[in-house]
Amino acid sequence: MAFFLETLLGGLMAGMLYSLVALGFVLIYKASGVFNFAQGAMVLFAALAMARFSQWIPEWLGMDNKFLGNVLAFAVAAACMFVLAWLIERLVLRHLVNQEGVTLLMATLGITYFLDGLGQTIFGSDIYQIDVGMPKDPIFLLEGMFEGGVLVNLEDVYAACVAALLVVVLSLFFQKTSTGRALRAVADDHQAAQSIGIPLNRIWVIVWFVAGITALVAGIIWGSKMGVQFSLTTVALRALPVIILGGLTSVPGAIIGGLIIGVGEKLSEVYLGPYVGGGIEIWFAYVLALVFLLFRPQGLFGEKIIDRV
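What counts and what doesn't
Residues numbered from 1 in each chain as written. Predicted model: local features only at pLDDT ≥ 70, side-chain atom pairs only at ≥ 80, totals over all residues. Heavy atoms only, no water. Patch = residues over 30% accessible without salt bridge, like charges linked within 9 Å, V, L, I, M, F, W, Y side chains within 5 Å. Areas by Shrake-Rupley, 256 points an atom, 1.4 Å probe, with all protein chains shown as cover. Salt bridge = Lys/Arg side-chain N within 4 Å of Asp/Glu carboxyl O. Helix = DSSP H or I, 4+ residues; strand = E, 2+ residues; numbered from the N terminus. Buried < 20%, exposed > 50% of the residue type's maximum accessible area, 1.4 Å probe, protein only. Expected span 1.5 Å × (residues − 1). Axes fitted to C-alpha atoms, helices over the stretch in contact; angles between N-to-C directions. Parallel < 35°, antiparallel > 145°, perpendicular 65-115°, else oblique. Left-handed = near helix turned anticlockwise from the far one by under 90°. Contact = heavy atoms within 4.5 Å.

## Regarding a nonpolar patch on the surface
Okay, step 1: There is a patch of nonpolar side chains on the surface, built from Phe37, Leu237, Ile282, Trp283, Tyr286, Val287, Leu290, Val291, Leu293, Leu294 and Phe295 and spanning about 1,100 Å² of accessible area.
Okay, step 2: For the nonpolar patch, the element with the most residues is helix H12 (residues 280-295), which contributes nine residues.
Okay, step 3: One can find Leu237 in helix H9 (residues 235-246).
Okay, step 4: Assessed through its relative accessible area of 38%, Leu237 is described here as partly exposed.

This is the structure:
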């Protein structure tokens, strides 16, 4: 039972990280109708900015305080994501209003390769570390209930808590603020939102910036665990099954879909892997997504395409 709980908790924590990346897809699609294939590149760019500025800023200012250096690096990296969001809207999106979906998809693919090259030019192509002070030592929980206790990685616990906190903040932002309500209005009907004076261009900048902050948090967590390297862009591929499962238009779906896939990957690898030669964790999410595409293409919480038309 203790081993099952360890596997379950590991899956839930991995699922929260998948959900963070999936949130970027969902937020941008809901507000602008753009399937943002560049979300993985945004995670990499944000993580590179955080990693490099956390090294550069203490050197520039001659400080030894790591916490303050990380705070300043986060602020600068967030500013970079805002500038990036403004440039994407200014140079790309506003020129592609009312274009076909495939045109917008190709535009985000172009943004992906541009960000990959820009990140390498500005920040370099080495593997960088992000040290935000998250403990990496495992601990044992519930020792009184199970012999030996349940082994949990503290870094995963902290990462899951940060991801959950960000989800709560985003939910409050969308539900309680005027900007959040404007974003939801745009998501429901672009033309109706424009008719009551909501500026779409400003809304698109905001939602791309929010997606950028989500990418920054995800990049910090993944970078702290594995280091910041250019293979980090593939994290977006791990989020694709999540949004297929949860629904491309549903924020709760991104969260629940991520948790289901995270748990499913871990449990299937541990309990079914020995019977099929292992490797289930690599393809489990994609097979599950394929099943949903065949029988429920809108996902668990998404809307049918015909309903949106």
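## A word on the environment of Gly110
Okay, step 1: Counting through the fold element by element, Gly110 comes out in helix H4 (residues 101-123).
Okay, step 2: Gly110 sits in the partly exposed class, given a relative accessible area of 41%.
Okay, step 3: In this structure, the C-alpha to C-alpha distance between Gly110 and Phe37, residues 73 residues apart in sequence, is 9.2 Å.

## So, H9
Okay, step 1: In a regular helix each residue adds 1.5 Å, so twelve residues correspond to 16 Å; H9 covers 17 Å between its end C-alpha atoms and thus fits that length.
Okay, step 2: The element H9 is largely enclosed, with a buried count of nine among its twelve residues.
Okay, step 3: Inspection of H9 places Val235, Ala236, Ala239, Leu240, Pro241, Val242, Ile243, Leu245 and Gly246 among the buried residues, and these make up the whole buried set.
Okay, step 4: Just downstream of H9, Gly247 is the residue with a positive phi angle, here 115°.

## A few points about the packing of H9 against helix H10 (residues 251-271)
Okay, step 1: In the contact formed by H9 and H10, the axes pass within 8 Å of each other and the chain directions differ by 120°. The angle between H9 and H10 places the two elements in the oblique class. Both H9 and H10 take part in a crossing whose hand is right-handed. Facing H9, whose interface residues are Arg238, Pro241, Val242, Leu245 and Gly246, H10 presents Gly253, Ala254, Gly257, Gly258, Ile260, Ile261 and Glu265.

## Side note on the side chain of Gln39
Okay, step 1: Here Gln39 shows up in helix H2 (residues 39-61).
Okay, step 2: Using a relative accessible area of 0% as the deciding quantity, one classes Gln39 as buried.
Okay, step 3: If we skip the residues at most four places from it in the chain, Gln39 touches Val21, Gly24, Phe25, Ile28, Ala211 and Ala215.

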